[in-house]
Amino acid sequence: MAKAAKDLRSARWFAPDDLRSMGHRSRAMQMGLDGEDWDGKPIIAIINTWSDLSPCHHHLRDRAEYVKKGVYQAGGMPVEMPVHSFSEQFLKPTSMLYRNMGAIEVEETLRSHPIDGAVLMGGCDKSTPALVMGAISAGLPFVYLPAGAMLRGNYAGEKLGSGTDVWKYWDERRAGNISKDQWDGVQGGIARSYGTCMTMGTASTMMSIADGWGLTLPGASSIPAPDAGHKRMAAACGRRAVEMVWEDLTPDKIINWQSTKNAVTVAMATGCSTNAIIHLIAMARRAGVPLTLDDLDAIGHEVPVIANIRPSGKDYLMEDFFYAGGLTALMKELGDKLDLGVMTVNGKTMGDNIKDAVNYNPDVIRPLSNPVYAQGSLAVLKGNLAPDGAVIKPAAMDPKFQTHRGPAIVAESYADLKDILNDENYPMTPDHVLVLRNAGPQGGPGMPEWGMIPMPKALLKLGCRDMMRLSDARMSGTSYGACVLHVAPEAYVGGPLALIQTGDIIVLDVPNRKISVDLSDDELAKRRETWVAPAPRFERGYGKMYTQHIEQADKGCDFDFLRTDYGAPVGEPEIN
């Protein structure tokens, strides 16, 4: 063991023979505990994002009991600590507004209590980055426990995928091609169990990234939430967290450039959510790894999509991916595109963890020689519309829009946009470009998932199911289409997107990674002279702090004061 019992962090609270420690011991005894529970034993925090308004995490209250069992089995003391639940479905205006608040909560919860190590329980979109960002900054040993995906959806014999089929059937409903009863049938069949979205949306993407980074037990991200193996994995996380404390296996010994590149490589190969870019940058920077948009795009050029999972794939969902061998089988297929020598939370190298993995279905997990899409899932675009970058998902769009020119139709807000979308006589053609602005980190606020702009009724009636769309918003990872997202700087702070007018010609060139408006620099400068900054979204509270410190999408949307390089490390709390 690298650490002795006297060196446990929690011993600072319980071991000294003094007034304050007597109070700690006394209050622990008040809860029915005694010295045999804490003396010389690592105290493991179970950071739980369960709540009654988090359907993706509805099983985590139960799973915490299995984690506790594992902690006891390994000779530790478990303590369950609740944090923000990040309910993607119910949290408004967007859970992204609260990701950094959640990361602060995790960091300060771990630092301020007698905790030696942690099991982080999450899965729904923003929970994974928030938990990991906070735990990285706290610096204690941790293992991430993914909530796992729900079961496949089903309606009328059709396999339904979370989000992806919602968008598809909503277009058909608005086009008049399906009835209210059919729509209600989809509603009742698309989410049949607890767990996260079972497409390769943001939740499955971020759980896979944590796995590919070496922050989960091998393959844990692929286990469906209702599977009995998920309970066994939870107990194993508890056991492993205790061992990690004794080994002093802290996140700085796991997260480095090599492991970060592995995480990005895995993300691209899975057909990841566009949200992965923002979260990967923020998570890496918390660990002192200066990941950039250009790094992500360069890796994407070299890594094909090999997971045939919706929305980038056509036929399969996360349950199928698990039966095919899961993430370890996908990583085995990636071979030398990964650095197999990096350390992982189970104390073994990535190579050791995947050496015995088997791909049981090469149509679900494709070999490199037969990819779903020849390059990575995402592409980073730059140009006079997005000097600091924008993102598109070429693997999940109609290929004909990869090079496109068309006149803009500009909406200042989502309310304005809905008026355009719902007017079946609005004058537009399939060549038009729908532009939504003031939906970025500050403008949204919180950069809501408004970038998956529904198809306008005026085009649906013509049979069109894709068109070019452009915004400074995000979109759900379950979404698809020719949507240019994350335009930086955002319009709300005066980025070039704020200067676009209806009728301006937008030019998209995905192969050459360019997004621009066909205007001269002089014309853009002239328009900037008349631009008026909008009023602040918030004048008090958390929102005001958020507005003052949020960074743009290309920087990961972290708070500036939470960056690793912002100031000196935070020390241990004084106990007096």
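Conventions and cut-offs
Residues numbered from 1 in each chain as written. Predicted model: local features only at pLDDT ≥ 70, side-chain atom pairs only at ≥ 80, totals over all residues. Heavy atoms only, no water. Pairing = 2+ DSSP bridges. Helix = DSSP H or I, 4+ residues; strand = E, 2+ residues; numbered from the N terminus. Axes fitted to C-alpha atoms, helices over the stretch in contact; angles between N-to-C directions. Salt bridge = Lys/Arg side-chain N within 4 Å of Asp/Glu carboxyl O. Buried < 20%, exposed > 50% of the residue type's maximum accessible area, 1.4 Å probe, protein only. Polar contact = N/O pair within 3.5 Å; in protein donor to acceptor, adjacent residues only side chain to side chain. Contact = heavy atoms within 4.5 Å. Phe/Tyr/Trp six-rings, centres within 6.5 Å; stacked < 30°, edge-to-face > 60°. Lys NZ or Arg CZ within 6 Å of the ring centre and 35° of its normal. Right-handed = clockwise from strand over helix to strand, strands pointing away. Parallel < 35°, antiparallel > 145°, perpendicular 65-115°, else oblique. Left-handed = near helix turned anticlockwise from the far one by under 90°. Nonpolar A, V, L, I, M, F, W, Y, C, P; charged D, E, K, R; others polar. Core = buried A, V, L, I, M, F, W, Y, C linked by side-chain atoms within 4.5 Å. Disulfide = S-S within 2.5 Å. Expected span 1.5 Å × (residues − 1).

Focus on the sheet that holds strand β2 (residues 77-82)
- Taken in spatial order, the 4 strands of this open sheet run β2-β1-β3-β4, and their pairing is parallel. In this open sheet, the two strands that pair with only one neighbour each are β2 and β4 (142-146). When the angles between neighbouring strand axes are averaged without regard to direction, this sheet yields 20°.
- With 5 bridges connecting them, strand β1 (residues 43-48) and strand β3 (residues 117-122) associate as parallel partners.

Points about the pattern of salt bridges
- Scanning the entire structure with this criterion turns up 36 salt bridges.
- Close ionic contact of Glu 65 with Lys 68 constitutes a salt bridge, the shortest N to O distance being 3.2 Å. With Glu 65 and Lys 68 both in helix α4 (residues 60-73), this residue pair falls 3 residues apart, about one helical turn.
- Judged by relative accessible area, Glu 65 falls into the partly exposed class, the value being 45%.

Notes on the side chain of His 279
- Note that His 279 resides in helix α12 (residues 275-286).
- Under the relative-accessibility criterion, His 279 is labelled buried at 1%.
- Of the polar contacts made by the side chain of His 279, one reaches the side chain of Arg 99; its length is 3.0 Å.
- Apart from residues lying up to four places away in sequence, His 279 is in contact with Met 96, Arg 99, Lys 126, Pro 129, Thr 202 and Met 206.

Notes on the packing of aromatic side chains
- Under the criterion given, the structure shown has 9 aromatic pairs.
- Here the aromatic rings of Tyr 98 and Tyr 542 are separated by 5.7 Å at their centres, their planes lie at 20°, and the arrangement is stacked. One end of the pair, Tyr 98, is in the loop between β2 and α5 (99-112); the other, Tyr 542, is in helix α20 (residues 541-549), with 444 residues separating them in the sequence.
- On the basis of relative accessibility, which here comes to 19%, the residue Tyr 98 falls in the buried class.
- Taken together through their ring pairs, the aromatic side chains of Tyr 98, Tyr 542, Tyr 546, Phe 559 and Phe 561 make up a single cluster.
- For Arg 12, the ring lying beneath its charged end belongs to Trp 13, and the centroid distance is 5.7 Å.
- Against the face of Trp 50 rests Arg 61, its NZ or CZ located 3.9 Å from the ring centre.

Looking at unusual backbone geometry
- Residues Lys 92 and Pro 93 are joined by a peptide bond in cis, for which omega reads 5°.
- Cis geometry is adopted by the peptide bond preceding Pro 489, which originates at Ala 488 and carries an omega value of -5°.
- For Asp 248, which is not glycine, the phi torsion reads 55° and is therefore positive.
- In this fold, Asp 248 is placed in the loop between α10 (228-247) and α11 (257-270).

As for the pairing of β1
- Counting buried positions over the 6 residues of β1 gives 6, a clear majority of the element.
- Residues of β1 alternate between two faces, with Ile 43, Ala 45 and Ile 47 on one and Ile 44, Ile 46 and Asn 48 on the opposite face, all of them buried.
- Of the pairings in the sheet, the one linking β1 to β2 comprises 6 bridges and is parallel in character. Across the sheet, Ile 46 pairs through a bridge with Glu 80, a residue of β2.
- In this fold, β1 hands off to α4, which returns the chain to β2; that crossover is right-handed.

Regarding the pairing of β3
- With 6 of 6 residues buried, β3 is to be regarded as a mostly interior element.
- Taking every second residue as pointing to the same face, both faces of β3 are buried, with Gly 117, Val 119 and Met 121 on one and Ala 118, Leu 120 and Gly 122 on the other.
- Bridging between β3 and β4 involves 5 bridges; their strand directions are parallel. In the strand pairing of β4, Val 119 is matched with Val 143.
- Following the backbone out of β3, through helix α6 (residues 127-138) and into the adjacent parallel β4, one traces a crossover that is right-handed.

Examining the packing of α4 against α10
- Relative orientation of the contacting elements α4 and α10 amounts to 40°, with a least axis distance of 7 Å. The orientation of α4 relative to α10 falls into the category oblique. Of the two possible hands of crossing, α4 and α10 adopt the one that is right-handed. On α10, the residues that touch Asp 62, Arg 63, Tyr 66, Val 67, Lys 69, Gly 70, Val 71 and Gln 73 of α4 are His 230, Lys 231, Ala 234, Ala 235, Gly 238, Arg 239 and Val 242.
- Of the residues that constitute the contact of α4 with α10, the class distribution is 6 nonpolar, 4 polar and 5 charged.

Things to note about the nonpolar core
- Core analysis: the biggest nonpolar cluster contains 106 residues, and Ile 47, Leu 110, Val 119, Trp 213, Leu 280, Phe 321 and Leu 330 have the highest contact counts within it.
- The element contributing the most residues to this core is α10, with 9 residues.
- When neighbours within four sequence positions are excluded, Leu 280 is seen to be in contact with Ile 209, Trp 213, Ala 263, Val 264, Ala 267, Leu 291 and Leu 296.

Side note on the environment of Pro 226
- With respect to the element layout, Pro 226 can be found in the loop between α9 (202-212) and α10.
- C-alpha separation for the pair Pro 226 and Gly 195, spaced 31 residues apart in sequence, amounts to 7.5 Å.
- Ignoring any residue separated from it by four or fewer positions in sequence, one finds Pro 226 in contact with Arg 63, Ala 149, Leu 151, Ser 193 and Tyr 194.

What to know about the state of the cysteines
- Scanning the entire structure with this criterion turns up 0 disulfides.
- Here Cys 197 is not cross-linked by a disulfide; its sulfur's nearest cysteine counterpart is in Cys 56, at 5.7 Å.
- Cys 197 sits in the partly exposed class, given a relative accessible area of 21%.
- Take Cys 237: it sits in no disulfide, and the sulfur closest to it among the cysteines is that of Cys 56, at 19 Å.
- Relative accessible area serves as the criterion here: at 0%, Cys 237 is assigned to the buried category.

Observations concerning α10
- A rise of 1.5 Å per residue sets the reference length of α10, with its 20 residues, at 28 Å; its end C-alpha atoms lie 29 Å apart and thus fit the reference within 8%.
- The buried fraction of α10 amounts to 14 of the 20 residues, a majority that puts the element mostly inside the structure.
- The backbone nitrogen of Gly 229 has a side-chain oxygen 2.7 Å away, supplied by the residue at the start of α10, namely Asp 227.
- One or two positions beyond α10, positive phi appears at Asp 248, with a value near 55°.

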